[in-house]
Amino acid sequence: MPIAQQIARMVEAATMIKTMFEEGARLKAAHGAQNVFDFSLGNPDVPPPPQFKQVLKDLIDDASVNHGYTPTPGLTSVRQAVADYLSTEYGTALSQESIVMTVGASGALNDVFKTLLNPGEQILVPAPYFVGYNNYAVMAGAVLKSVPTTADFHLDPAAIEAAITEKTRLLLINSPNNPTGAVYSKSELDELGAVLERTSARFGRRIYLVSDEPYRKIVYEAEVPSVFQAYPHTIVVNSYSKELSLAGERIGYLAIHPEAEDAGLIAGASGFVNSMLCVNAPALMQQAVARLQGVTVDVSIYRRRRDMLCKGLADAGYEFSVPQGAFYLFPKSPLADDMAFVNLLKEELILAVPGVGFGAPGYFRLSYAVPDATISGSFKGFRRALEKV
Ligand code: PLP
């Protein structure tokens, strides 16, 4: 076969998602898109803030805009703007040297994994976790190993401590979480920091924390604490895909705590890896987001949808933890076999993603980055599916 074995395996694993997409498209063609309740995609549908269009217009008229290659870690002025904003946001003084502009959070994760991991080394991740992590780990030749969370999807420090071995190079967390909507508290992060200090000392090498935060600004009752305050050997990964609804524009960054062990080496090497993977992050978008630091989509839209969905599903008899952030709900599957239940939902023209894809069988994920009408129109189907069980 002309395809590399590891890619062939990954393509095979992605078939489930592809089949789901195709099935969704088939149902929409057969029944009309308005009669299919598609909760399967994490693609933000809330419009970007109005300031975004204004910034684009300003950039068009600005003769000094750079459309050429940028330095591999990004334009210095852009990195400085991001560093200035993050210094206040995280309570840690950062300079442009700590920042690499990337092709979204996924570009940043690929940079970090390739920078830090030798073949066979492990990334430890609390489950449930974002499906992309497995692929990024494989691309870096590393191994993704999961560790369970508590019943309400929060960190279990004792389980994490027990799962760390001499092969663990980094712990990867994601808060607010896709798929659960959990937001980790300051005390949880502090406890995690203590575990990572202890285990780094035990194994005689630094274990880094990588904090994937693309939903940082999409929170409801919670605030996302500064992970830099909990553990200095931390790299924050972020993007503007969700907080500015710019998922297709592919712009994000990584930020390295200036006191992380070998921070300068990591910053230099991840800038270099970034150039191998994408040359540089899109120049126009770098210059746009530099002018939009602290601007966020209208989160009240997601909050309204979360409240609608939670009420409707609770009334119908579903069990779940109320998400504090992101735009996903992760209910318990009424059948142990979450694939089978997702198929029952499909009979009701409701599209959901089985938990098994997130390392959490027995659950299913609903994205509420969908119109209100999709949510309100779905409840009868959710009730009927539960009755069938
Ligand atoms: N991390 C998580 C948890 C995500 O949910 C996503 C996308 O859905 C990404 C990373 C990748 O996002 P980006 O568009 O910034 O590459």
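The preceding data block contains the structure.
Let me sum up the structure you'll find in this document. Counting of residues starts from 1 at the beginning of each chain's written sequence and follows it residue by residue. Two thresholds apply to this predicted model, a pLDDT of at least 70 for residue-level local features and 80 or more for giving and counting side-chain atom pairs, whereas whole-chain, interface and lining totals are computed over all residues. Hydrogens are left out, water is left out, and the side-chain values use all remaining heavy atoms of the structure.

## So, the environment of E319
Thought 1: A run of DSSP states H or I qualifies as a helix once it reaches four residues; a run of E qualifies as a strand once it reaches two. Both are numbered from the N-terminal end. Position of E319 among the secondary structure elements: in the loop between α12 (299-316) and β9 (328-329).
Thought 2: Separated by 44 residues in sequence, E319 and Y363 have C-alpha atoms that sit 9.9 Å apart.
Thought 3: Among all residues touching E319, those that are not within four sequence positions of it are P331 and K332. Whether two residues are in contact is decided by their heavy atoms, any of which lying within 4.5 Å being enough.

## Observations concerning the site of the ligand
Thought 1: The environment of the ligand is formed by 14 residues, the closest being A105, S106, D212, Y215 and S239.
Thought 2: N or O atoms closer than or at 3.5 Å make up a polar contact, with two conditions inside protein: a donor-capable atom paired with an acceptor-capable one, and, for residues adjacent in sequence, both atoms drawn from side chains. S106 is positioned with one of its side-chain polar atoms (N or O) 2.7 Å from an oxygen atom of the ligand.
Thought 3: A distance of 2.7 Å separates an oxygen atom of the ligand from a polar atom in the side chain of R250.
Thought 4: Protein contacts shield 92% of the accessible area of the ligand, which totals 400 Å² for the unbound molecule.
Thought 5: Of all the cavities here, the one that holds the ligand is the largest pocket.
Thought 6: Looking at the shell around the ligand element by element, the count peaks at 3 residues for helix α5 (residues 104-116). We call a residue near a given molecule or strand whenever any one of its heavy atoms falls within 4 Å of it. Here the accessible surface of atoms and residues is derived via Shrake-Rupley with a 1.4 Å probe, and residues count as covered only by protein chains that are part of the display. Lining residues are those with an atom within 4 Å of a point, where the points come from a 1 Å grid over the protein atoms alone and group into cavities, where a 1.4 Å probe fits but cannot get out, or pockets, open sets with protein on both sides within 12 Å along at least five of seven lines. Criterion for pocket placement: a molecule counts as inside a cavity or pocket if more than half of its atoms are within 2 Å of its grid points.

## Quick look at unusual backbone geometry
Thought 1: Between S175 and the following residue, P176, the backbone shows a cis peptide bond with an omega angle of -5°.
Thought 2: Note that the residue after N178, namely P179, is joined by a cis bond; omega there is 25°.
Thought 3: Looking at the secondary structure, you find P179 in the loop between β5 (168-174) and α8 (186-203).
Thought 4: Phi angles above zero are rare outside glycine, and F153 is one such case at about 70°.
Thought 5: Examined against the element boundaries, F153 turns out to sit in the loop between β4 (143-148) and α7 (157-163).
Thought 6: We call a residue buried when its accessible area falls under 20% of the maximum for its residue type, exposed when it is over 50%, and partly exposed in between, using a 1.4 Å probe and counting protein chains only. F153 sits in the buried class, given a relative accessible area of 8%.
Thought 7: You will see that R250, though not glycine, has its phi angle at about 60°, which is positive.
Thought 8: Inspection of the secondary structure puts R250 in the loop between β7 (234-239) and β8 (252-256).

## What to know about the packing of aromatic side chains
Thought 1: For this analysis, a ring pair means two rings from Phe, Tyr or Trp (six-membered ring only for Trp) whose centres lie within 6.5 Å, classed as stacked if their planes differ by under 30 degrees, edge-to-face if by over 60, and tilted for the remaining angles. Enumeration over the complete set of coordinates arrives at 18 aromatic pairs.
Thought 2: Aromatic pair F130 and Y136: ring centres 6.5 Å apart, planes at 55°, arrangement tilted.
Thought 3: Exposure remark for F130: the relative accessible area of 26% places this residue in the partly exposed category.
Thought 4: Measuring from centroid to centroid gives 5.9 Å for F330 and F358, while their planes differ by 85°, and the two rings are edge-to-face. One end of the pair, F330, is in the loop between β9 and α13 (338-347); the other, F358, is in the loop between β11 (353-354) and β12 (364-367), and 28 residues separate them in sequence. A single burial state applies to F330 and to F358, both of which are buried.
Thought 5: One aromatic cluster is present, formed by F39, Y318, F341, F364 and F382 through successive ring pairs.
Thought 6: Against the face of Y90 rests R216, its NZ or CZ located 4.2 Å from the ring centre. Either the NZ atom of lysine or the CZ atom of arginine qualifies as a charge over a ring when it sits within 6 Å of the ring centre and within 35 degrees of the ring normal.

## Thoughts on the sheet that holds strand β2 (residues 99-102)
Backbone hydrogen bonds are what pair the strands of a sheet, in a parallel or an antiparallel way.
Thought 1: Paired strands, as defined in this entry, are two strands with at least two bridges between them according to DSSP. Read across the sheet, 7 strands follow the order β2-β8-β7-β6-β5-β3-β4 without closing on themselves; strand pairing throughout is mixed. Since the sheet does not close on itself, it has two edges, and those belong to β2 and β4, each with one partner. Going across the sheet, the axis of each strand differs from the next one's by a mean of 25°, ignoring polarity. Axis angles are defined between N-to-C directions and span 0 to 180 degrees, where every axis is a line fitted to C-alpha atoms and, for a helix, only to the segment in contact.

## Considering the side chain of N178
Thought 1: Relative to the helices and strands, N178 resides in the loop between β5 and α8.
Thought 2: A polar contact is formed between the side chain of N178 and the side chain of R365, at a distance of 2.9 Å.
Thought 3: Setting aside residues no more than four positions away along its own chain, N178 makes contact with Y129, F130, Y215, Y328, F358 and R365.

## Remarks on the environment of L192
Thought 1: As for its position among the elements, L192 is in helix α8.
Thought 2: Residues L192 and D156 lie 36 residues apart in sequence; the distance between their C-alpha atoms is 8.7 Å.
Thought 3: L192 has contacts with L155, I160, L171, I173 and L209, leaving out every residue within four places of it along the chain.

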